[in-house]
Structure formats: structure tokens, C-alpha cells
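One letter stands for each residue in the lines below.
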Amino acid sequence: MIKIISDNAETLLEQYHQHLAANGRLSDATIGNHIAVVRDFASWYESYSGEYFRPGSVPTYVLMPYQTTLRERGLNSVSIKRQIAILNSFFEWVTKAAARKRST
């Protein structure tokens, strides 16, 4: 199921997909999984906060209620940790991309 998210979030996901694909170390299935995890979080965040998903302004404490949501969906602790690791990787990419943009 594709989650509905803002155009801003969709653009970021497209850029992240390109970044992961250019890296060449991940399979298409893994890249698709990473995108699905970030899309799910973005959709959840926009619903939870009532704001557009802007990764640079997402407070870290928001991951706690998201983890609760994942548990309520029936995910086990290993799956939740994997999803949080994927999100951390995404947020790290966003931070580095923003720094590169500022330095040019």
C-alpha cells in the first residue's frame, strides 16, 4: 500500500532513492524497503504532527511514539530496530546533503 505524503516528502524520497541506487551496494529490493520505511514514517509524521515532513525539523523524541505505533502494528523488536536504523540512515543523508548544499 502506498502512503499518501506531501510533495515535499515525495521529492526527498526520490532523491534518497537516487542516492541509494548510485551507491551500488544495495539490491533493488533493499532500496525499495528503505524507501517504504521512510515513506511510512513520513506519512505517519504528517498525520501525527499535522505538519509537512521536513526531516531537518523532525524532533528526535517523535521516534518514541512512532516506535509505539510500530509495536501496535505487531512488529517485533528486531523489525522496529531495523526500521529505526533505516530512518537514522535517511536523516544522516539529509543532514549531509544539506551541509553540502550550504557549502556550495
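Structure's up top.
Residues numbered from 1 in each chain as written. Predicted model: local features only at pLDDT ≥ 70, side-chain atom pairs only at ≥ 80, totals over all residues. Heavy atoms only, no water.

Draft legend 1. Looking closely at the packing of aromatic side chains. Under the definition given, this model contains 14 aromatic pairs. Their ring planes at 80° and their centres at 5.0 Å tell us that Tyr16 and Phe90 sit as a pair that is edge-to-face. With Tyr16 in helix 1 (residues 7-23) and Phe90 in helix 4 (residues 77-103), this residue pair connects regions lying 74 residues apart in the sequence. As far as the burial class goes, Tyr16 and Phe90 line up, both buried. On the basis of an interplanar angle of 35° and a centroid distance of 6.0 Å, the ring pair of Phe90 and Trp93 is categorised as tilted. Of this pair, Phe90 and Trp93 both sit in helix 4, three residues apart, which is roughly one turn of the helix. We classify Phe90 as buried; its relative accessible area is 0%. The class of Trp93 is buried, set by a relative accessible area of 11%. Members of the aromatic cluster, connected to one another through ring pairs, are Tyr16, Phe41, Trp44, Tyr45, Tyr48, Phe53, Tyr66, Phe90, Phe91 and Trp93. (Phe/Tyr/Trp six-rings, centres within 6.5 Å; stacked < 30°, edge-to-face > 60°. Helix = DSSP H or I, 4+ residues; strand = E, 2+ residues; numbered from the N terminus. Buried < 20%, exposed > 50% of the residue type's maximum accessible area, 1.4 Å probe, protein only.)

Draft legend 2. The arrangement of the nonpolar core in detail. Counting 27 residues, the largest nonpolar core has Phe41, Phe53, Leu87 and Phe90 as its most contacted members. Residue assignment for this core shows that the elements contributing at least two residues are helix 1, helix 2 (28-49), helix 3 (63-72) and helix 4. Ignoring sequence-local partners within four residues, the contact set of Phe90 consists of Tyr16, Val38, Phe53 and Pro55. (Core = buried A, V, L, I, M, F, W, Y, C linked by side-chain atoms within 4.5 Å. Contact = heavy atoms within 4.5 Å.)

Draft legend 3. Inspection of the packing of helix 1 against helix 2 at higher detail. Where helix 1 meets helix 2, the closest approach of the two axes is 10 Å, and the angle between their N-to-C directions is 160°. With respect to their mutual orientation, helix 1 and helix 2 come out roughly antiparallel. Classified by chirality, the crossing of helix 2 by helix 1 is right-handed. On the side of helix 1, the interface is formed by Ala9, Glu10, Leu13, Tyr16, His17, Leu20 and Ala21, while helix 2 contributes Ile31, His34, Ile35, Val38, Arg39, Ala42 and Glu46. Looking at the contact of helix 1 with helix 2 residue by residue, the class counts come to nine nonpolar, two polar and three charged. (Axes fitted to C-alpha atoms, helices over the stretch in contact; angles between N-to-C directions. Parallel < 35°, antiparallel > 145°, perpendicular 65-115°, else oblique. Left-handed = near helix turned anticlockwise from the far one by under 90°. Nonpolar A, V, L, I, M, F, W, Y, C, P; charged D, E, K, R; others polar.)

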